[in-house]
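Single-letter residue listing:
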Amino acid sequence: MSLQIRTATLTDIDALLNITKACAKHMIKNNIFQWNENYPNCAAFENDIHRNELYVLVYINEIVGCVVISNLMDEEYKTVNWLSPDGTNLYIHRLAVDPKHQGKGYAQCLMDFAENYAIENNYRSIRLDTFSKNHRNQKFYELRGYKKLENIYFPKQSVYPFYCYERIL
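Below: a short report on this structure.

Before going further, it helps to examine the pairing of strand β4 (residues 89-97). Within β4, nine of the nine residues are buried, which leaves the element mostly enclosed by the surrounding structure. Two strands pair when backbone bridges link them, and strand β3 (residues 62-70) and β4 are joined in this way by five bridges, in the antiparallel orientation. Following the sheet pairing, Cys66 is matched in β4 by Ala96. Summarising the sheet, β4 and strand β5 (residues 125-131) pair through four bridges and their orientation is parallel. Bridging across to β5, Leu90 finds its partner in Ile126.

In structure tokens form, the structure reads like this:
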């Protein structure tokens, strides 16, 4: 397998939007209304790139997935009772693999990269959220050792909650 993970650039945004739109359609087809026309969007990816937090997974010169690895806590996370103290945590956002390439272990590869990055940079835990109706994602994170905590809401995305998860490293 010729896989590479690298920091994203502004020229990657069109490919990333195509992937996340394909993911949204794929999820909607499975009655998972997690992503929509408001999210993810170009502005979010631009911010991720300017903060050097967006990584892309490349397979034979094609971007097939992405993940954001950030040390910034979103406002929605501030009320959550996390397992570890704030300040030494990384946050995962916008993990996506093109539906044409799903089922090949690429999401595992991106999460392995994020977890290794966290360990190498002395972070204490990784925190994330996933949509309450996305049972596949929940199982994915739970099998990786993430503990389900509390619910948060993103009203522009869904009336349903998102579950917060954390894994102590």
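What follows deals with the packing of aromatic side chains. Summed over the entire model, instances satisfying the criterion amount to 12 aromatic pairs. Ring centres 5.1 Å apart and planes at 70° place the aromatic pair Phe140 and Tyr141 in the edge-to-face group. Taken together, Phe131, Phe154, Tyr160 and Phe162 form an aromatic cluster joined through their ring pairs. A cation over an aromatic ring shows up here: Lys148 above the ring of Tyr163, its NZ or CZ 4.0 Å from the ring centre.

Applying the stated rule across the entire model yields 12 salt bridges. Across the pair Arg127 and Glu166 runs a salt bridge whose closest N-O atoms are separated by 3.1 Å. Highlighted residues: Arg127 in strand β5 and Glu166 in strand β7 (residues 162-168), separated in sequence by 39 residues. The pair formed by Arg127 and Glu166 is uniform in burial state, with each residue classed as buried. Connected through shared salt-bridge partners, Asp48, Arg51, Glu53 and Arg94 make up one network.

Omega for the bond connecting Tyr39 with Pro40 falls within 30 degrees of zero, at -10°, which places this linkage in the cis form. For Pro40, the position within the fold is in the loop between α1 (13-29) and α2 (42-50). Phi angles above zero are rare outside glycine, and Asn31 is one such case at about 60°. Along the chain, Asn31 falls in the loop between α1 and α2. With phi around 50°, Arg94 is a residue other than glycine that occupies positive phi space. Note that Arg94 resides in strand β4.

The subject of this paragraph is the sheet that holds strand β1 (residues 3-7). Here seven strands make up an open sheet; going across it, the order is β1-β2-β3-β4-β5-β7-β6 and the pairing mixed. Strand pairing shows two members of the sheet lacking a second neighbour, β1 and β6 (147-152), which therefore form its edges. Averaged over all adjacent pairs, the angle separating strand axes in this sheet is 30°, with direction ignored. In the packing of helix α3 (residues 106-120) onto the sheet, contacts are made with β1, β2 (54-59), β3, β4, β5 and β7, and the angle to β4 comes to roughly 165°.

Definitions and limits used
Residues numbered from 1 in each chain as written. Predicted model: local features only at pLDDT ≥ 70, side-chain atom pairs only at ≥ 80, totals over all residues. Heavy atoms only, no water. Buried < 20%, exposed > 50% of the residue type's maximum accessible area, 1.4 Å probe, protein only. Helix = DSSP H or I, 4+ residues; strand = E, 2+ residues; numbered from the N terminus. Pairing = 2+ DSSP bridges. Phe/Tyr/Trp six-rings, centres within 6.5 Å; stacked < 30°, edge-to-face > 60°. Lys NZ or Arg CZ within 6 Å of the ring centre and 35° of its normal. Salt bridge = Lys/Arg side-chain N within 4 Å of Asp/Glu carboxyl O. Axes fitted to C-alpha atoms, helices over the stretch in contact; angles between N-to-C directions. Contact = heavy atoms within 4.5 Å.

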